[in-house]
Every structure is written in structure tokens, then in C-alpha cells.
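Observations on chain architecture
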Protein chains: 2
Amino acid sequence: MHAPLLKHINQFLLKPMDPAEEKAVTDRFALKAYRKRQYLLQAGDSSSKNSFVVSGCFRVYVVDTNGKEHNLQFAVENGWALDMGSLYKEEPSEMNIEALEDSAVLQIERKAFYELYDNFPVFDRYFRILAENAYIAAQKRLIRSHSFTAEERYADFIARYPHLVNRISDAKIASFLGMTPEFLSKLRRNFGK
Amino acid sequence: MHAPLLKHINQFLLKPMDPAEEKAVTDRFALKAYRKRQYLLQAGDSSSKNSFVVSGCFRVYVVDTNGKEHNLQFAVENGWALDMGSLYKEEPSEMNIEALEDSAVLQIERKAFYELYDNFPVFDRYFRILAENAYIAAQKRLIRSHSFTAEERYADFIARYPHLVNRISDAKIASFLGMTPEFLSKLRRNFGK
DNA sequence: AAAAACCCTTGAACCAGATTAAGGGTTCTG
DNA sequence: CAGAACCCTTAATCTGGTTCAAGGGTTTTT
């Protein structure tokens, strides 16, 4: 049941986890199901969970002061769905996390999560590498948002995430890319499919 | 000489470093000076250094396919100046890092940097927390760039980095915020100073 | 002390992308 | 199987921000 998570962690480590470390994981992560449209986290609540997606798909989004939604991230199989700021800082979340499909996650509570860090240095290593990769990706996304046109960002999205293009609605992709759905529709008309 | 770095690391740890860990740092980080306008890293070179800024100021920027510069980050006292992607992935850097003032940094080579990780778990912890904070900040910046107007982004910058406003030229701040210097000038005319 | 290099400003013309509004198709759900 | 809830498209209008071009001030270098 925990195989995908163990595998994912080991892929980022030079030396795979030993049995005690793997047990620490399997003891603390529990499988939980979410139905399509169900919320894993709602803005205002304090996020005390970290969730590894086993199957399905979530979107992470914020609502701005004009009531507009902005999709920050899509989390699919073998990705993490969380509001990192809220999980670590123990503040009410500004983000919403909604299941876009029926989904299954392996979930851990903040307290148990801190136990992992305090007893097994290997998790500092794994989550360091993950956070570094996430930061590098976020930097690149910011560069694209400052230097690419809407059309270039859409073409880049298709090239980068071909498996998401037919899985997530265009309106949600438009929001992720920082443009209106109407404008994305116009782009699609001009640039074949 | 290494005091600011040791202090910075300890501030992010629950338990301060022990003498062996502190020695591991002081043995591996060397002080290096940069003159104003000197480059710490140029795009195309492979970045093999990580630099902790002791005094002075750097900008991290990329040049897009139209030849336009985009400032990604300013690194001042007690901050890090590096291209994380290039340092870890050992690929030629896409980023430039230029001293905006005469500056001093504590610098470590990639090889010695990996020795820290391999011998002292505390550095996985410290850089995990750093990377997580950087990622959280990058996410928030992306949200602002999608939901704020240019004027709101400038007001937010002043509130967030008052110490940088009179230290860095407006043209460089405009690039950091994703707008032209002409437009920032227009904003400043309307919104007092 | 002149030359060179920045740096900020102003204004006119322009444009990428937003807004508003409307219509039609498809897929959920009770 | 009917209504509700999405989802995508099209077109007209509008606007925040860019581009281009020019001028003047201040700092740095020689």
C-alpha cells in the first residue's frame, strides 16, 4: 500500500532507506480517499496534513481580493499536495486544495511528520531535495511569466505537461498560466488544437 | 570572520551546532571580495560555488531570447547568492550574478559543499528549511504577479523591502517586479514619491 | 574638467490581453 | 430524463502597460 511513496523517497536518495526508516514511513502515513470536488484543504483552516498523491489529481489555488481564483499547482500521482507555508508555520491557510478526480492519498499529520524529521535525518535530506527542486521550478516559472507571451506560456505548458493537457480543463490551465479562459480559447483557435 | 554565517545557520536550528559542525563550516568557507560591477557568475559558465553575502549587494538575473534582462533576486547581507539549478545539476548556468556594490562573501566550492551534507546531517536540516522558505516566498511572488497590478506590486515591494528602495536603482526594481522602468516612473509620479 | 556611463522622466502611439455579454454543447446528479 | 452545472467559443470594446524617442541630471572614469 505504501509502495509508491517508499519508491518515490528512495529515488531521491543515493542510498535507499533501511528497514527502520521504511517502517517509520509506513507506520505514519495512512491511506485516505477523496471524491471528485471534495476539499483536502480550505482557506481559513489551519493545514496540519501533508499528502502524497497515489492516484487522481488535485489543484492548489488561492482566491484574491477580487474573488478571482488563481491555480498555483496541479498535484497528480507521485506528487505532494500541501500548503507548505501553513503546514510549517501553523497559520490559517490561504490556499485551497480540491480533488479534480476521485483520488487516493497517503496522509500524515504535522505531529507525526515532525517525528520523522527528529528521529531520521534521511527525511531532512529527502525533503531538502524536494524543496530545492520545487524552488528551482518556481523560479523558472516566474521567469517565464515575466518574459514569455501568453502564447509562449501555453506552448511551453503543452510541451512540459502533455499528460495534463487532456486531463485538466482549459479554464483551469488558463488560470495556472495567468491568463483568462477567453484568451486561451483564442490562442487555441489560431494555433491548431 | 565566519561569525555571521554561523549565526545565520544557528538561527534556523532548534539546537545550535556543536564545535565539530562549526569547524566544518569555518574550514570550508573562504572570504572573497567582489568589486562593484564584478560578476560572481556569468551565464554559460557552470556554477560550482555557493556564496553567503557578508556585506554588499548582488543581483541575480537572466537574459531572455530578446536580449532583455530580468532581475530574479537581490542578495544582501545574510542572504545567499547562487544559481541553485546550476550548482546541483552541474549544468551551465542560465543566470548572471553581479555585484551592485563592493561586497564580501563567504564562499564554498561544490565538492566541499557536498562533504558538509555527507558528514553532518545538520546541514540537510538547515538547507531544507532555507529551500522551503525560498519556495514559499517564490509561490507568493507568483501569486502577486498574477493577481496584483503593477502599482500594487510596487507598493508591496516598498512595504516588504524598505531597506532596498534607496539602495537599488528604480530600473532594477522595475525589472524585478516585471514592469518597464518607464511605467514605474509614471507610477511614482502619481503615487507620492 | 571633459567624456562616458548611468539614471530618471515625459509624452505620444500602440498592443497584448482583459472584460463583458451571449450562445450552445456536454456531463453530472437527483 | 430533466434540470443544473460545467465548459468552450466568439466577437466587440476597452485598458494597463509597452515601445519608441527624446532630453536633462548626476556620478564615474580618464
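Look above for the structure.
This is a predicted model, so every value here is computed, not measured. (Residues numbered from 1 in each chain as written. Chains lettered and ligands numbered in written order. Predicted model: local features only at pLDDT ≥ 70, side-chain atom pairs only at ≥ 80, totals over all residues. Heavy atoms only, no water.)

On to the packing of helix α1 (residues 3–11) of chain A against helix α2 (residues 19–28) of chain A, then. Residues and elements named next belong to chain A. Following both chains from N to C, one finds α1 and α2 inclined at 135°, their axes separated by 10 Å at the closest point. On the basis of the axis angle, α1 is oblique to α2. In terms of crossing hand, the pair formed by α1 and α2 is right-handed. Between α1, through L5, L6, I9 and N10, and α2, the contact on the second element is made entirely by E22, V25 and T26. Across the contact of α1 with α2, the residue classes tally to 4 nonpolar, 2 polar and 1 charged. (Axes fitted to C-alpha atoms, helices over the stretch in contact; angles between N-to-C directions. Helix = DSSP H or I, 4+ residues; strand = E, 2+ residues; numbered from the N terminus. Parallel < 35°, antiparallel > 145°, perpendicular 65-115°, else oblique. Left-handed = near helix turned anticlockwise from the far one by under 90°. Contact = heavy atoms within 4.5 Å. Nonpolar A, V, L, I, M, F, W, Y, C, P; charged D, E, K, R; others polar.)

On to the protein's contact with DNA strand D, then. Looking at DNA strand D, there are 19 residues lining it, with D170(A), S185(A), K68(B), A150(B) and T180(B) nearest. Of all DNA strand D atoms lying within 4 Å of any protein atom, the proportion belonging to sugar or phosphate reaches 78%. Within the contact set of DNA strand D, a phosphate oxygen lies 3.1 Å away from a backbone nitrogen or oxygen of D170(A). Where the surface near DNA strand D is concerned, the elements lending two or more residues are α8 (170–177) and α9 (181–190) of chain A together with α6 (150–160) and α9 (181–190) of chain B. Top contributing element to the surface near DNA strand D by residue count: α9(A), with 4 residues. Taken together, the residues of the surface near DNA strand D sort by class into 4 nonpolar, 5 polar and 10 charged. (Near = heavy atom within 4 Å. Polar contact = N/O pair within 3.5 Å; in protein donor to acceptor, adjacent residues only side chain to side chain.)

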